[in-house]
2 protein chains.
Amino acid sequence: MNENPNSTARAIEFWFDFGSNYSYLSMMRIEALAAARNVTIVWRPFLLGPVFRQLGFDNSPFVLQKEKGAYVWKDMERQCRKYGIALTRPSTFPRAAVLAMRVALLGANEPWIGAWCRKIMQLNFVDDRDIGSIDVVRAALDSLGLPVQSVIDAAQSDANKLRLREQTELAISKGIFGAPTFFVAGEMFWGNDRLEDAFDYCDAIAARH
Amino acid sequence: MNENPNSTARAIEFWFDFGSNYSYLSMMRIEALAAARNVTIVWRPFLLGPVFRQLGFDNSPFVLQKEKGAYVWKDMERQCRKYGIALTRPSTFPRAAVLAMRVALLGANEPWIGAWCRKIMQLNFVDDRDIGSIDVVRAALDSLGLPVQSVIDAAQSDANKLRLREQTELAISKGIFGAPTFFVAGEMFWGNDRLEDAFDYCDAIAARH
């Protein structure tokens, strides 16, 4: 698909969930960083809920641990200020967004994937909209000029639903325990705080060849 | 104690436990950063074990969550390489070090506090020694030229033991849920990844006055 023979070495897998606040920080930063470093993004939407349940949590650790949860929103405010990213604390957290996630999986190799992901993240973390609602998903698709009904039909197909479950199973089998998580040439980096390190690792690998 | 009238605005509280691997990263970095920025370190040893128990964990989350635990040591290797800090994964983790922590509390305002803390951290995370052992503590005190028996007696006094319990209670009441944690003018920063941000906040506060 990519004509650059070194493309596999210059790729970053981005595992994310639209409900994850630290995934939001990476979502708003990763495309500019990837472009500046000539790295291809491999978009890997997965459902964090089943991963947490597998680990024995029945909700986000930021909800289950109230001290950490209180801190996280202070941290988010400061991080967003530092990066120049807008933030409204969502009135519901974490928000499930299975349909929007299915659309992301469907579009993972499409030219609109970045715009789609940023749009849904902004609806959740800036506009405080219910990204789990089909009406919000419809309006978001429409705003990007995408064919609303055909995208939704394809996203809700049995095959695509199955693929999202399988991608989530794959996340678990790879040892993913949170989001965002990045992989570069098999090396795992967890958290928005490690995004630059993951890109540095792309460069380090390229330098070896 | 400090002749600089702005000293309270130029202070960083460093809450740490000698068993905490990410506290180790901050321990090896904080003194140089504080010196470069003319910031006073307020040394705040506290026991992470009771904090975790208060949160419902009977061990470090890095032990209880094996996926996260496996990742953390990869992350530690990479972070130590990035910072140029030595690392040997301790054969026992996390190590309790109550006596060494009591010595740290006793010495929190003494000129040897930084050297003491670095020494114990290196014994744990580089030399893989049992920092919970009184013999290791004795040898460490001796290596710094400190009066071994009188320091140990003072550290083990009922008053000093009580102070460490109280400092740990204070950590819980301040909403601390992990280590390292930093406070600057009441603002909390969690994790070695936020150490630079905490120092930046010192500067931001100073600029306001």
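Where an unreviewed UniProt entry is consulted, chain A appears under the name 2-hydroxychromene-2-carboxylate isomerase, with the organism given as Paraburkholderia atlantica. Of chain A, the UniProt comment under Catalytic activity (unreviewed entry) reads exactly: "2-hydroxychromene-2-carboxylate = (3E)-4-(2-hydroxyphenyl)-2-oxobut-3-enoate".

With that out of the way, let us pick up the pattern of salt bridges. A full pass over the atoms with the stated rule returns 26 salt bridges over all chains. Glutamate 187 of chain B serves as the salt-bridge partner of arginine 78 of chain A, at 3.0 Å between the closest nitrogen and oxygen. Note that arginine 78 of chain A is positioned in helix α4 (residues 66-83) and glutamate 187 of chain B in strand β4 (residues 187-190), a pairing that runs across two chains. A residue is classified by how much of its surface remains accessible, and glutamate 187 of chain B, at 13% relative accessible area, is buried.

A few words now on the sheet that holds strand β3 (residues 181-184) of chain A. All names here are of chain A. In spatial order, the strands read β2-β1-β3-β4; together these four strands make up an open sheet with mixed pairing. With one partner strand each, in any of the chains shown, β2 (40-45) and β4 (187-190) form the two edges of the open sheet. Each strand axis lies, on average, 25 degrees off the axis of its neighbour in the sheet, ignoring direction. The pairing of β3 with β4 spans four bridges and is antiparallel. Bridged to phenylalanine 183 within β4 is methionine 188. Sheet contacts for helix α10 (residues 195-208): β1 (11-16), β3 and β4; angle to β3, the most-contacted strand, approximately 10 degrees.

This part is about the packing of aromatic side chains. Here the structure, examined in full by the defined rule, presents 28 aromatic pairs over all chains. For the pair phenylalanine 14 of chain A and phenylalanine 182 of chain A, a centre-to-centre distance of 5.5 Å together with 20 degrees between the ring planes defines the contact as stacked. Here phenylalanine 14 of chain A is found in strand β1, whereas its partner phenylalanine 182 of chain A is found in strand β3, with 168 residues between them in sequence. For the pair phenylalanine 14 of chain A and phenylalanine 182 of chain A, a shared accessibility class is recorded, and that class is buried. Where tryptophan 15 of chain B meets phenylalanine 46 of chain B, the ring centres are 5.8 Å apart and the plane angle is 70 degrees; that geometry is what we call edge-to-face. Of this pair, tryptophan 15 of chain B sits in strand β1 (residues 11-16) while phenylalanine 46 of chain B sits in the loop between β2 (40-45) and α2 (48-54); the two residues are 31 residues apart in sequence, bridging distant segments of the chain. With respect to burial, tryptophan 15 of chain B and phenylalanine 46 of chain B carry one shared label: buried. The ring of phenylalanine 189 of chain B carries arginine 78 of chain A above its face, with NZ or CZ at 3.8 Å from the centroid. Taking NZ or CZ as reference, arginine 29 of chain B lies 4.1 Å from the ring centre of tyrosine 83 of chain B, over its face.

Quick notes on the rules
Residues numbered from 1 in each chain as written. Chains lettered and ligands numbered in written order. Predicted model: local features only at pLDDT ≥ 70, side-chain atom pairs only at ≥ 80, totals over all residues. Heavy atoms only, no water. UniProt positions renumbered as here; feature names shortened; annotations may be inferred. Salt bridge = Lys/Arg side-chain N within 4 Å of Asp/Glu carboxyl O. Helix = DSSP H or I, 4+ residues; strand = E, 2+ residues; numbered from the N terminus. Buried < 20%, exposed > 50% of the residue type's maximum accessible area, 1.4 Å probe, protein only. Pairing = 2+ DSSP bridges. Axes fitted to C-alpha atoms, helices over the stretch in contact; angles between N-to-C directions. Contact = heavy atoms within 4.5 Å. Phe/Tyr/Trp six-rings, centres within 6.5 Å; stacked < 30°, edge-to-face > 60°. Lys NZ or Arg CZ within 6 Å of the ring centre and 35° of its normal.

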